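# Understanding the architecture of this molecule
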Amino acid sequence: MNIQETYASLGLSDYEYDRILELLGRAPNFLELSLFSVMWSEHCGYKNSRPLLGRFPSDGPCVLQGPGENAGVVEVGDGWALAFKMESHNHPSAVEPYEGAATGVGGIIRDVLAMGARPVALLNSLRFGPLDEERNRYLFREVVAGIGGYGNAIGVPTVGGEVELSRSYSGNPLVNAMCVGLIRTEDLVRSRAQGEGNLVVLLGSKTGRDGIHGATFASDELSEESESRRSNVQVGDPFMGKMLVECCLKLLEEGLLVSLQDLGAAGITSSASEMAAKGGVGIEIEVDKVPLREEGMEPAEIMISESQERMLAVVEPEKIGQVAELAEHYGIGSAVIGRVADHGELRILSGGEVVGSVPADYLAEAPVYEREISRPAYLDELRELNLDEISLPEDYNAALLALLSHPNLCSRHSVFEQYDHQVGTNTVVLPGADAAVMRIKGTSLGFAITTDGRGRHCYLDPEGGGAATVAEAYRNLSCVGAEPVALTDCLNFGSPEKQAPYYQLARCIEGMSRASEAFGTPVVSGNVSLYNETSRGAIYPTPIVGMVGILKDVSRHATPGFKREGDMVVVIGSGPGVSLDGSDYLEIIHGKVAGRPVEPDLAAEKRVADLVREMVRSGLVDTAHDISGGGEIVAVAEMALAGGFGIEYEEGEAERMVAGQGRGRADLAFFGEESGGFIVAVPEERWDDLQEALSGFAYDYIGCTGGDRFKVGNLINVSLEEMREAYEQDLFGG
Amino acid sequence: MRIGVAIFPGSNCDRDALFAVEQMGADPVELWHADADLKAVDAVIVPGGFSYGDYLRPGAIARFAKVMGPLEEFARAGGPVLGICNGFQVLTEAHLLPGALLRNIDMRFVCRRVRVRVESTETPWTSGCESGEELMLPVAHNEGNYFADEATLKELEDEGRVVLRYLKNPNGSANDIAGVCNEGRNVVGIMPHPERVSDPVLGSEKGLKILRSVLVGARI
């Protein structure tokens, strides 16, 4: 292999190789070239997305740590803080779904651990192709099993998330895992290496050949060949992960570590070079001292291996004895593999000789590609939607049941029951609600978490969809009673080298940024996954937002299920603007993905969401739900199903809906969607208080809970039993 | 009252159990797997989780941990021992309880709240319940499918040693068994997690009915 073939096989371009020559002032050897190849991959180097990511607002009153560390951190109150981040594991999960998903969970847990926080909650956003394809069923089944297999065993509850199916994800599933950790503000640790002569200690598992070049693999399109890259996928060991978590937390508690960093993509290379670059120091690694599980590994392989369950720590020499002792107590390996130096380089030694040395800064500064943002033609073609061509349903009961039974709207119990969502005994609101609610032991405080994504919406309108994604998360937190404070994201897109995906990426970021600014929820951490393409094309542009909110009194929260007979049900903030454009109804009932979904009015949305939250916080409302996919009627049906009480719409209400927001069409009135609506229910004795709270806002009393049927005028009349049968699907066909 | 919670590598409900012991008004005591010392506790909880990663078989490695020596002595001498979930699996592997826990019949992990009936109040861990009382308790397990041979099942039923029974079987357990006790009735193993419903903010305190039973000191 000549040099050009060598760097090309490592995923580096001619331009990038020339840049390395320029930076070093000499030709790199193979080991050094390998370091650049992993650190300058899209996955580690963000070379296509970095210029766009700068748009995100990242600061706010609660923010203790913004982007650039292992996880973002926000202050909660009473000296508590939350560290959280979301990360993708799409490519590994496409070829080896169980281990791909499991190690995605393990990796994000260690990111949060690296901040010194105890991981206390997991969520995951999943996307697959439709289940009529065997391969999609296999990926779905194994990904869910992998998430459960790792999360359940390591003892961090999986408290929420979402699953959606669409043809655009066939063969390229999305597996985005989010972890939230809890920490005292004074105990936060950072990853910067400090103190010349301090020791670099590798904790946890031995290093093998698994996951070599995982980072570069994750930065390429998926093809037939991808199957042969199964060996690029790491294998997880949640038991070791659990011991590593307990050991690291104990080491921090005892004050034995200077800094801590997890080993993720690009292994020791990325951890050591990032720690060095952040601290403005150098790090020397003696590869011979890295405990190996395989024989004959080359220095380059040791440096870029992505073996799981490892952490890198900087330790003062006099404390190394105690560190080793504690590691032994927890049954995990610890090895001094290097030291902090003052030369600013990541230097690798083997057999006493320097076998490679590169300034850490150079590795951390991947070249940046600014590309032209131009609007793809498909957007205009798809936006035309003529409602006259959409036939009205003959039977609205059947339409409602078809929506409730569709894999994108039906109950997710068959997924979340495979996850332990209560270990830790902090989960106050279990999966199935708008957001998970967790308590903080020993305080009255709580926090809520949601993950949301709107791929189809972003496909039809990238900027509006990006904003609507953030808005949906804001609504979900608000209706459980939490005050949203910050978000993390995972940007899942196609190849940035192509016109449409790059345009989508840029516009989605713009929309998300505008919404984050309007809501005061800065982006404190995140991850980018590009090249989500197969031979069938790119996925829907799918930014996933993971948002965190705070409850001062966790006992004051709301859930969607109707709680009592005779409760009065009110729709707030939705109505006149509903549309079938890009709706679930249009896709599920009519098989069409078209139109221009309603653009959220961010200021108006915030006012309504803040009002709903205030009503929950004050104890006025304990039943609330946001209106989302399937529109008002599906939202009300979900509340009836969750609570086990029926509801009958007021006399004449259905007709008013059809004539008003339906503009003569009942399907538009019932199943039309817009951003910003909520449904709340209160007992009759609180009706006056509710009206007072709602003064100045548009709202609509729709009816009273009770009985075991759902009736809307003379168009819908179904029993809860029929709805339950449609809704309670086992998505795994069991 | 001092209540010990055994901690194996991979236990992950140990902290929850310690917290619940506090909630029930007793003194929690950590019992580390590598120490053959029960620290003079009055009762022991073997908590849930994935001891030793559940490698080989759930509970199969944990039963050889050093702490198990004094724990077995304590149990044989009539000391109250409660195994929850993985703890139940450990106690069957250690032969302190009969039978075994197999993979769930649908081969899937199951985490949900299930209704169980208290079949026997004649144990130190159910004496605070009413006989026949129904409780909603959470389960979360991969291997909760209770199995024993015909003769053992008959013995358990005849001697009233089925402690909890599912109203709707979530895992394929023989005779819908959710919990059993030993001949001496002092060692109880249950699949549901009472410590997860021992706090009003979590929506239920039903679990405390089970855990607090031991405080009443109803020795059999």
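The following refers to the structure shown. (Residues numbered from 1 in each chain as written. Chains lettered and ligands numbered in written order. Predicted model: local features only at pLDDT ≥ 70, side-chain atom pairs only at ≥ 80, totals over all residues. Heavy atoms only, no water.)

Okay, the overall build of chain B next. Helix and strand counts for chain B come out as five helices and eleven strands. Computed over C-alpha atoms, the radius of gyration of chain B comes to 15 Å, within 12% of the 17 Å expected from 2.2 N^0.38 for 220 residues, which places it in the range of a compact globule. Dimensions of chain B, computed from C-alpha atoms along their principal axes, come out at roughly 40 × 35 × 35 Å. Taken over 220 residues, chain B has a buried fraction of 62%. Contacts spanning at least 24 positions in sequence make up 72% of the contacts within chain B whose residues lie at least 6 apart. (Helix = DSSP H or I, 4+ residues; strand = E, 2+ residues; numbered from the N terminus. Rg over C-alpha atoms; globule rule 2.2 N^0.38 Å. Buried < 20%, exposed > 50% of the residue type's maximum accessible area, 1.4 Å probe, protein only. Contact = heavy atoms within 4.5 Å.)

Time to look at the state of the cysteines. Residue and element names in this part refer to chain A. All told, the structure shown has zero disulfides over all chains when counted by the stated rule. Of the cysteine sulfurs around Cys 44, a residue in no disulfide, the closest is that of Cys 490, at 14 Å. Overall, the relative accessible area of 18% leaves Cys 44 in the buried class. Take Cys 479: it sits in no disulfide, and the sulfur closest to it among the cysteines is that of Cys 410, at 20 Å. In this structure Cys 479 comes out as buried when scored by relative accessible area, which is 0%. (Disulfide = S-S within 2.5 Å.)

Right, let's get into the side chain of Gln 418 of chain A. Checked against the element boundaries, Gln 418 of chain A lands in the loop between helix 17 (413-416) and strand 14 (427-429). Polar side-chain contacts of Gln 418 of chain A include one of 3.0 Å to the backbone oxygen of Ser 414 of chain A. (Polar contact = N/O pair within 3.5 Å; in protein donor to acceptor, adjacent residues only side chain to side chain.)

Counting residues at the interface gives 26 residues for chain B and 31 residues for chain A. Across the chain B/chain A interface, buried area totals approximately 2,400 Å², and carbon plus sulfur atoms make up 56% of it. Run the count over chain B and chain A and you get four salt bridges. Between Arg 196 of chain B and Asp 420 of chain A there is a salt bridge, and its shortest N-O distance comes to 2.9 Å. At the surface where chain B touches chain A, the tally comes to nine residue pairs in polar contact (both at pLDDT 80 or more). Elements with a minimum of two residues in the side of chain B that touches chain A: helix 1 (14-23), strand 6 (110-118) and strand 7 (134-141) of chain B. Of all the elements, strand 6 of chain B adds the most residues to the side of chain B that touches chain A, at four residues. (Buried area = accessible area lost by both parts, 1.4 Å probe. Salt bridge = Lys/Arg side-chain N within 4 Å of Asp/Glu carboxyl O.)

The next subject is the pattern of salt bridges. For the structure on display, the rule yields 63 salt bridges over all chains. Shared partners join several salt bridges into a network, and the residues in it are Arg 383, Asp 461, Glu 463, Arg 507, Arg 514, Arg 596 and Glu 599 of chain A.

What follows deals with the sheet that holds strand 3 (residues 43-46) of chain B. All names here are of chain B. One open sheet holds the nine strands; their spatial order is 2-1-3-4-11-10-9-6-7, and the pairing between them is mixed. Only two strands of the sheet have a single neighbouring strand rather than two, namely strand 2 (27-32) and strand 7. Within the sheet, the average angular offset between the axes of one strand and its neighbour, ignoring direction, is 25°. Bridge analysis of strand 6 against strand 9 (residues 162-166) gives three bridges, and the strand direction is antiparallel. In the strand pairing of strand 9, Val 116 is matched with Tyr 166. (Pairing = 2+ DSSP bridges. Axes fitted to C-alpha atoms, helices over the stretch in contact; angles between N-to-C directions.)

Right, let's talk about the environment of Gly 236 of chain A for a bit. Residues and elements named next belong to chain A. When you line up the elements, Gly 236 lands in the loop between helix 9 (214-217) and helix 10 (238-253). The class for Gly 236 is buried, based on a relative accessible area of 18%. Sequence separation between Gly 236 and Leu 363 is 127 residues, and the spatial gap between their C-alpha atoms is 27 Å. Once residues within four sequence positions are removed from consideration, Gly 236 is found in contact with Glu 99, Thr 103, Tyr 150, Gln 308 and Glu 309.

On to unusual backbone geometry, then. Among all residues except glycine, the phi angle is most often negative; among peptide bonds, the trans geometry is most common. Residues and elements named next belong to chain A. Backbone geometry at Tyr 46 places phi at a positive 50°, although glycine is not the residue there. By the secondary structure assignment, Tyr 46 is in the loop between helix 4 (42-45) and helix 5 (50-53). Positive phi, normally seen in glycine, also occurs at Arg 663, with a value near 45°. Position of Arg 663 among the secondary structure elements: in the loop between helix 24 (653-659) and helix 25 (666-671). Overall, Arg 663 belongs to the exposed group, its relative accessible area being 51%.

Along the chain, Ser 127 of chain B falls in the loop between strand 6 and strand 7. Each C-alpha atom of the pair Ser 127 of chain B and Lys 66 of chain B lies 30 Å from the other, and the pair is 61 residues apart in sequence.

If you walk through the whole model with that rule in mind, you get 19 aromatic pairs over all chains. Ring centres 6.0 Å apart and planes at 55° place the aromatic pair Tyr 15 of chain A and Tyr 369 of chain A in the tilted group. Here Tyr 369 of chain A lies in the loop between helix 14 (360-364) and helix 15 (378-383) and Tyr 15 of chain A lies in helix 2 (residues 14-24), a separation of 354 residues in the sequence. The class of Tyr 15 of chain A is partly exposed, set by a relative accessible area of 46%. A relative accessible area of 19% means that Tyr 369 of chain A is categorised as buried. Between Tyr 330 of chain A and Trp 32 of chain B the ring centres are 6.0 Å apart and the planes differ by 80°, which places this aromatic pair in the edge-to-face class. Taken as a pair, Tyr 330 of chain A in the loop between helix 13 (320-329) and strand 11 (333-341) and Trp 32 of chain B in strand 2 lie in two separate chains rather than in one. Under the relative-accessibility criterion, Tyr 330 of chain A is labelled buried at 14%. Members of the aromatic cluster, joined through ring pairs, are Tyr 169, Tyr 378, Tyr 459 and Tyr 540 of chain A. (Phe/Tyr/Trp six-rings, centres within 6.5 Å; stacked < 30°, edge-to-face > 60°.)

Time to look at helix 3 (residues 30-39) of chain A. Because each turn of an α-helix spans 3.6 residues, side chains separated by three or four positions in sequence point in the same direction. Residue and element names in this part refer to chain A. Here helix 3 lies mainly inside the structure; nine of its ten residues are buried. Taken residue by residue, helix 3 has Leu 31, Glu 32, Leu 33, Ser 34, Leu 35, Phe 36, Ser 37, Val 38 and Met 39 as its buried positions. A distance of 3.1 Å separates the backbone nitrogen of Leu 31 from a side-chain oxygen at the start of helix 3, and that oxygen is part of Asn 29.

The next subject is a nonpolar patch on the surface. Residue and element names in this part refer to chain B. A surface patch of nonpolar side chains, amounting to about 310 Å² of accessible area, comprises Tyr 55, Leu 56 and Ile 61. Tracing the backbone through its elements, the reader meets Tyr 55 in the loop between strand 3 and helix 2 (68-76). Residue classification places Tyr 55 among the partly exposed residues on the basis of a relative accessible area of 37%. (Patch = residues over 30% accessible without salt bridge, like charges linked within 9 Å, V, L, I, M, F, W, Y side chains within 5 Å. Areas by Shrake-Rupley, 256 points an atom, 1.4 Å probe, with all protein chains shown as cover.)

Residues and elements named next belong to chain A. Strand order across the open sheet formed by seven strands is 8-10-7-11-9-12-13, with mixed pairing between neighbours. Because the sheet does not close on itself, it has two edges, and the strands there are strand 8 (259-262) and strand 13 (353-359). Between one strand and the next, the sheet's axes are offset by a mean angle of 25°, whatever the strand orientation. By the bridge criterion, four bridges tie strand 9 (residues 282-286) to strand 12 (residues 345-350) in an arrangement that is parallel. Bridge pairing in strand 12 places Glu 286 opposite Leu 349.

Turning next to the pairing of strand 3 of chain B. Looking down a regular strand, the side chains alternate between one sheet face and the other. Residue and element names in this part refer to chain B. Residue alternation in strand 3 divides its side chains into two sets, Ala 43 and Ile 45 and Val 44 and Val 46, and both sets are buried. By the bridge criterion, three bridges tie strand 1 (residues 2-7) to strand 3 in an arrangement that is parallel. Counterpart to Val 5 in the pairing with strand 3 is Ile 45. Alignment of strand 3 against strand 4 (residues 81-84), held across three bridges, turns out to be parallel. Residue pairing for strand 4: Ile 45 is matched across the bridge by Leu 82. In terms of handedness, the path from strand 3 via helix 2 over to strand 4 forms a crossover that is right-handed. (Right-handed = clockwise from strand over helix to strand, strands pointing away.)

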